[in-house]
Amino acid sequence: MSLAWTSKLALAVGLALLPGSAWAEAVNISYLTHWSPETVALLENAAKEYSKTHPDVTITVRAVPFGDLLTTLRSQSGGSDGATIGGIYDLWLPELARDKLVAPAPEAVAAEVKGAWPAGVVSAASVGGALYGIPNEIDVYALNYNKDLFKQAGIEAAPKTWDEFREAAKKLTKKDAGQQGFGMINSWAAGVVHPFASLLVSNAGELVTDGKPVLDSKQAGETFEFYEGLIKDGSSDPAMATADANTTGPFLDNFVSGKTGMIIMANWWESALKTGMGDKFANIATAPIPVGPSGDKPHSISYSWMTVVNAKAGEAEQKAAWDFLAWLNGAKSGQNGASAMSDILMSMGILPSRSSDIEAHKDKLGTEFLAGYVSVLSDAKPFPVVPGGQEFSESLQQTLEALQYGQISAKEAQAKAQADAISILERAAK
Amino acid sequence: MTNGYRASAGIMLAPAVTLIGVFILLPMLLTVWLSFNDWSTQTPFAEARFVGLANFQDIFGSTSVGRDFKGALVNTAIYTALSVAIILPLSVLFGLLVHQRDVGGGTLLRTVLFSTYMVPMIAVALVWSKLYSPSEGPFNQMLGLVGVSPQPWLSSPRSALISIVLLNVWQQVGYFTVLAIAGLTQIPGSLYEAATLDGANRTEQFRFITLPLLRRTLLFSAVIAIINAVQVFEPVALITQGGPVGSTNVLTYHIRRVGIERAQGGLGSAMAVMLMLSLIVVVCALFAFMNRKDDE
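What counts, and where the lines are drawn
- Residues numbered from 1 in each chain as written.
- Chains lettered and ligands numbered in written order.
- Predicted model: local features only at pLDDT ≥ 70, side-chain atom pairs only at ≥ 80, totals over all residues.
- Heavy atoms only, no water.
- Helix = DSSP H or I, 4+ residues; strand = E, 2+ residues; numbered from the N terminus.
- Rg over C-alpha atoms; globule rule 2.2 N^0.38 Å.
- Buried < 20%, exposed > 50% of the residue type's maximum accessible area, 1.4 Å probe, protein only.
- Contact = heavy atoms within 4.5 Å.
- Areas by Shrake-Rupley, 256 points an atom, 1.4 Å probe, with all protein chains shown as cover.
- Lys, Arg positive; Asp, Glu negative; His and termini not counted.
- Charge placed at Lys NZ, Arg CZ, Asp CG, Glu CD.
- Axes fitted to C-alpha atoms, helices over the stretch in contact; angles between N-to-C directions.
- Parallel < 35°, antiparallel > 145°, perpendicular 65-115°, else oblique.
- Left-handed = near helix turned anticlockwise from the far one by under 90°.
- pLDDT = per-residue confidence, 0-100.
- Domains from an automatic or database assignment.
- Buried area = accessible area lost by both parts, 1.4 Å probe.
- Salt bridge = Lys/Arg side-chain N within 4 Å of Asp/Glu carboxyl O.
- Polar contact = N/O pair within 3.5 Å; in protein donor to acceptor, adjacent residues only side chain to side chain.
- Nonpolar A, V, L, I, M, F, W, Y, C, P; charged D, E, K, R; others polar.
- Phe/Tyr/Trp six-rings, centres within 6.5 Å; stacked < 30°, edge-to-face > 60°.

Enquirer: Explain the overall build of chain A to me, using residue names and the numbers behind them.
Expert: Within chain A one finds 19 helices and 14 strands. Over its C-alpha atoms chain A spans a radius of gyration of 24 Å, differing by no more than 12% from the 22 Å that the globule rule assigns to 430 residues. Reported as C-alpha extents along the three principal axes, the dimensions of chain A are approximately 100 × 50 × 35 Å. Residue burial in chain A is summarised as follows: out of 430 residues, 57% are buried. Put simply, 75% of the contacts in chain A that link residues at least 6 apart link residues at least 24 apart. Surface exposure of chain A reaches about 17,500 Å², of which carbon and sulfur atoms provide 56%. For chain A, the separation between the mean place of its 34 positive charges and that of its 48 negative charges on side chains is 1 Å.

Enquirer: I'd love a proper account of the packing of helix α3 (residues 64–99) of chain B against helix α7 (residues 160–185) of chain B, names of residues and values included.
Expert: All names here are of chain B. For the pair α3 and α7, the least separation of the axes is 6 Å and the interaxial angle reads 40°. It follows from the interaxial angle that α3 and α7 lie oblique. Crossing of α3 against α7: the hand is right-handed.

Enquirer: Tell me what's going on with the confidence of the model for chain A, and back it up with residues and numbers.
Expert: Residue and element names in this part refer to chain A. In the predicted model, chain A carries a mean pLDDT of 89, and 93% of its residues have values of at least 70. Within chain A, helix α8 (residues 162–172) carries the highest mean pLDDT (97), whereas helix α1 (residues 3–24) carries the lowest (47). Low confidence marks residues 11–23, where pLDDT is under 50. Its contacts with residues over four positions away, or in another chain, come to two contacts.

Enquirer: Give me the domain arrangement of chain A: which residues, what numbers.
Expert: Residue and element names in this part refer to chain A. Each assigned domain of chain A is listed here: domain 1 (26–138 + 303–365) and domain 2 (140–302 + 378–429). Summarising the inter-unit geometry, the C-alpha centres of domain 1 and domain 2 are found 29 Å apart. Counting residues at the interface gives 18 residues for domain 1 and 24 residues for domain 2. Together domain 1 and domain 2 conceal approximately 1,600 Å² of surface at their shared face, both sides included; 60% is due to carbon and sulfur atoms. The largest contributions to the domain 1 side of the interface with domain 2 come from Phe66, Leu91 and Tyr303, which together make up 38% of the buried area. Applying the counting rule to domain 1 against domain 2 returns zero salt bridges. One can count four residue pairs in polar contact (both at pLDDT 80 or more) joining domain 1 with domain 2. Its residues placed into classes, the side of domain 1 that touches domain 2 shows twelve nonpolar, three polar and three charged.

Enquirer: How would you explain the interface of chain A and chain B if you had to name every residue and give the values?
Expert: For interface size, the figure often reported is the accessible area lost on association. Contact with chain A, which involves 33 residues of that partner, is made by 32 residues of chain B. It is Thr71, Arg74 and Glu394 of chain A that lose the most area in chain A upon contact with chain B, and together they represent 18% of the buried surface on that side. With a closest N to O distance of 3.7 Å, Arg262 of chain B and Glu391 of chain A form a salt bridge. For the pair chain A and chain B, the interface holds eleven residue pairs in polar contact (both at pLDDT 80 or more).

Enquirer: Just give me the short version of the confidence of the model for chain B, but keep the residues and values in it.
Expert: Per-residue confidence for chain B gives a mean pLDDT of 90, with 99% of residues at or over 70. Confidence, read as mean pLDDT per element, is least for helix α4 (residues 106–118) of chain B in chain B (82) and greatest for helix α2 (residues 54–59) of chain B (95).

Enquirer: I'd like a rundown of the environment of Pro238 of chain A, residues and numbers included.
Expert: As for its placement among the helices and strands, Pro238 of chain A is situated in the loop between α10 (218–233) and α11 (250–256). The exposure class assigned to Pro238 of chain A is buried, which follows from its relative accessible area of 10%. The spatial distance from the C-alpha of Pro238 of chain A to the C-alpha of Glu401 of chain A is 8.3 Å, given a sequence separation of 163 residues. Beyond its immediate chain neighbours, meaning those up to four positions away, Pro238 of chain A contacts Asn186, Ile231, Gln404 and Tyr405 of chain A together with Ser155 of chain B.

Enquirer: Please provide a residue-by-residue account of the packing of aromatic side chains, values included.
Expert: Taken as a whole, this structure holds 35 aromatic pairs over all chains when the rule is applied. Grouping aromatic residues by their ring pairs yields a cluster made of Phe66, Tyr89, Trp92, Tyr141, Tyr303 and Trp305 of chain A.

Enquirer: Quick one: what's the story with unusual backbone geometry, residue by residue and with numbers?
Expert: Cis peptide bonds are those with omega within 30 degrees of zero, and the linkage from Gly243 of chain B to Pro244 of chain B qualifies with -10°. Non-glycine residue Ala204 of chain A carries a positive phi angle of around 65°. Among the secondary structure elements, Ala204 of chain A is positioned in the loop between α9 (189–201) and β8 (208–209). In this structure, Val245 of chain B is a non-glycine residue whose phi angle is positive, near 50°. With respect to the element layout, Val245 of chain B can be found in the loop between α11 (234–240) and α12 (251–261).

Structure representation (structure tokens):
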């Protein structure tokens, strides 16, 4: 064989092997989350499991406090060196997608997600009809109360209406003992806004309708007045309800130490309660959100989380990231037909959103604490996912905190919240 | 000869001037230019859209953008003024105590005072957030021992900013004490001996010798303390997140929220320009005041 033919043959063999070589090339992907070290360890275990069948893929997990998650995503996702995968809150998606920081899901992944998750959850992970993330957790709000404190105050059942709620809060308040009836969280946007929004939707109100804020409604006015009433009664002490960057702090300390009778919170804080209370966690019960004067039945706000892939990551990294996420959230990676992701979520008391995961974890979801959340899931209303949503939340947080601290009246709070929301959402929509 | 001298001076200055130009002046000019543009921090500079003074109108307007900025500006001014007003006299007081040669343990005290400055802010923030805890914090427990009712510290909009100032004073006072000691060592001992012979008591010596001769040191300390205070970020980000009710929302934290979290680069740049201008005005006013005193 002549030298020319040998060269041609070598070139042909080389070209034929090229895609295989590229596929077998080592790929490093990173996963950014806000989870605690214990949960990060579970995720790392799952990543190791995946790497057994995909030895060419190395996955590293990095965690930052919740308060720094969006900033880290925004500041690092502008380049290929940023995290390949990020766990994000659905409210952040429209702007991350607009700024082309997150990649649309490949067709196969999108088809799988559309078939295996409820339509509402899929829509929260989509922008303009394109799916951007694989949903994992769904959170709803419910009333948590301390059964011991209820017993001591002579309250027999969880309040079902706002009148009963206000009455129970008064009975649970013992100022001399440093005990408050209802804990209103502050210094954390979601902790302030979501409980308020849950009460608002249980009063037949809405935050945003068709992209326009509707905080000037009668129902919203009643909700602001309800908050003002609780403060004026002395049933809620804002100084006992401050949160820190890790979404813990005095509001959690006071509830776990039996200084707060009731609080409206999401299911994910089950693990924080268990850690803080130990055996006393059995004192905590869950009930639907009390219904306001204009409402017909209990509702709750829901929001979801998803994992997205950095649009600036290299092609091989993106491909490996979607493959890992499809496995992590797939029905074969966990125990008894559940996904590995849902096993991790359930360790924190977080509800998985994939339909088959809910079925697989039916027993655990039936525990006294979580069953209260599962029962309100069907009537939950998704928190509005709109451009400018985060700024809108932070602005409403400021207004509600000013109301909590008695700096403004309910009427002033309502007018301010509506005016600010109009200006923020109009600017974001441009 | 003169031209040759100029050329060699230019060549020698060029590396430093180039570095300053690229890493300091250029980013400053870029920030000023971006403040006149509508720009998302996630997009290339080429996509910035010129909007004239609109960003400045917004940050001084009556909408939530303006209210939040003005609130952050006022919080920063209060934080800075309180920090400087507490740190400088304390540093002189500690400096005088440590500087006394006839008192034992001065070196140990100096080391202890300076050690707070070396503790990382993350550790300081973690410890102080627990010290301030309204229900189980040691501060309230100690106050309880002397019959004072528990204070809300970080949980009240009225006391949260002051609580952060106290944390800052605790961490920074050691550094400024070392500066004060350095200034005190420059004052000749003969001046005090002469004053003593003339019948001046300790208070008069402090007023007419120590303070005037410490003026340059205090000016330097004041400028550094102001710059440090204006740049406060970590305790707010780690402990209060700007709350409650925006009472600890200082400018650096607010600019980070607007410019990075919300990606509103134009607005964030306009805020940064205002912060820079405020700092320049304050520092220039301080120098002008000290120069007038020198002339007098």
